[in-house]
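Residues per chain, in single letters:
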Amino acid sequence: SDALRKMLLATLLLELKDLCRQQQEQGGENGRVSNHIVDQIQAYIAEHYAEKLTLTGIASQFYISPYYLSRLFKKSINLSLIEYINGVRIKAAQNLIEKSNESISDIAEKTGASTATISRVNRSLNYGSDGYEKVFERLQIPEGGEGQQE
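Rules used throughout
- Residues numbered from 1 in each chain as written.
- Predicted model: local features only at pLDDT ≥ 70, side-chain atom pairs only at ≥ 80, totals over all residues.
- Heavy atoms only, no water.
- Helix = DSSP H or I, 4+ residues; strand = E, 2+ residues; numbered from the N terminus.
- Areas by Shrake-Rupley, 256 points an atom, 1.4 Å probe, with all protein chains shown as cover.
- Phe/Tyr/Trp six-rings, centres within 6.5 Å; stacked < 30°, edge-to-face > 60°.
- Buried < 20%, exposed > 50% of the residue type's maximum accessible area, 1.4 Å probe, protein only.
- Core = buried A, V, L, I, M, F, W, Y, C linked by side-chain atoms within 4.5 Å.
- Contact = heavy atoms within 4.5 Å.
- Expected span 1.5 Å × (residues − 1).
- Arc of directions from axis to C-beta.
- Axes fitted to C-alpha atoms, helices over the stretch in contact; angles between N-to-C directions.
- Parallel < 35°, antiparallel > 145°, perpendicular 65-115°, else oblique.
- Left-handed = near helix turned anticlockwise from the far one by under 90°.
- Salt bridge = Lys/Arg side-chain N within 4 Å of Asp/Glu carboxyl O.

Enquirer: Which residues make up the overall build of the chain, and what are the values?
Expert: Each helix and strand in the chain was counted, giving eight helices and zero strands. Walking the chain from its N terminus toward its C terminus, one meets helices and strands in the order α-α-α-α-α-α-α-α. Summing over all exposed atoms, the chain offers an accessible surface of approximately 10600 Å²; the carbon and sulfur share of this is 52%.

Given below as structure tokens:
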């Protein structure tokens, strides 16, 4: 009877260990939580990043509290919601900068990012020696005109 209890306890502990391992794998490394709601929110942001997005607005779309959304997002992907949205906008802006000849203000309007942000992204992209020509072209500033603004 005592041997049977020990065997059952060992079996139970092994099952528990396996469940913990599965839970950790689903959650990723470093305690990150994989969550279906976060996946849905990321998809929503990918579709609506050019619009005015707020914590409260997104939370209401998914019928959760802004506080819960904020905590869930930070815990799941290790970024705040705003950092994530800005990252999506910057990636979209980089894509447009590299693949189109649109103006900074047009790109800002299409991505929901500010013109200052788009200008910084544009300058930070590594175009080589002719990269800044695109910046000046879009800002309608002659290449030598940079010093004239100061």
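Here the narrative resumes.
Enquirer: Can you tell me about the packing of aromatic side chains, naming the residues and giving the values?
Expert: Taken as a whole and assessed by the stated rule, the structure comprises two aromatic pairs. Seen from their ring centres, Tyr44 and Phe62 are 5.7 Å apart, and the 90° between their planes marks the pair as edge-to-face. With Tyr44 in helix H2 (residues 36–48) and Phe62 in the loop between helix H3 (55–61) and helix H4 (66–77), the pair connects residues that are 18 residues apart, well separated along the chain. Taking the relative accessible area as the measure of exposure, Tyr44 reaches 17% and is therefore buried.

Enquirer: Can you lay out the nonpolar core for me, pointing to particular residues and giving the numbers?
Expert: Core analysis: the biggest nonpolar cluster contains 16 residues, and Ile41, Ile45, Ile58, Leu69, Phe73 and Leu81 have the highest contact counts within it. When contributions to this core are tallied by element, the ones reaching two or more residues are H2, H3, H4 and helix H5 (81–99). Not counting chain neighbours up to four residues away, the residues in contact with Leu81 comprise Ile41, Ile45, Leu55, Ile58, Leu69 and Phe73. Ala93, Ile107, Ala108 and Ala113 belong to the second-largest nonpolar core, a separate cluster that totals seven residues.

Enquirer: Could you give me a rundown of the environment of Ile104, with the residues and numbers involved?
Expert: Along the chain, Ile104 turns up in helix H6 (residues 104–111). Of the residues examined, Ile104 reaches a relative accessible area of 4% and is grouped as buried. Each C-alpha atom of the pair Ile104 and Ala93 lies 9.1 Å from the other, and the pair is eleven residues apart in sequence.

Enquirer: Lay out H4 with the relevant residues and their values.
Expert: Here H4 contains twelve residues, and its C-alpha end-to-end distance of 16 Å stays within 8% of the 16 Å for a straight helix at 1.5 Å per residue. Within the sequence span of H4, burial applies to Leu69, Leu72, Phe73, Ser76 and Ile77. Buried positions in H4, seen along its axis, are confined to an arc of 100° and lie on one side of it. Away from the buried face of H4 by more than 90 degrees, exposed residues Tyr67, Arg71 and Lys75 are located. Looking at the buried residues of H4, the elements they touch are H2, H3 and H5. Asn78 sits one or two positions beyond H4 and adopts a positive phi of about 65°.

Enquirer: I'd like to hear about the packing of H5 against H6, residue by residue, with values.
Expert: Taken N-terminus to C-terminus, the directions of H5 and H6 make an angle of 140°; their axes are 9 Å apart at the nearest point. As far as their axial angle goes, H6 and H5 are oblique. By crossing handedness, the relation of H5 to H6 is classed as right-handed. For the pair formed by H5 and H6, the contact residues are Arg89, Ala92, Ala93, Leu96 and Ile97 on the first element and Ile107, Lys110 and Thr111 on the second.

Enquirer: Mind laying out the pattern of salt bridges, listing which residues take part and the relevant values?
Expert: Considering all chains together, one arrives at one salt bridge under this definition. Of the charged contacts in the structure, one is a salt bridge between Lys110 and Glu102, with a shortest N-O distance of 2.8 Å. In this structure Lys110 comes out as partly exposed when scored by relative accessible area, which is 44%.

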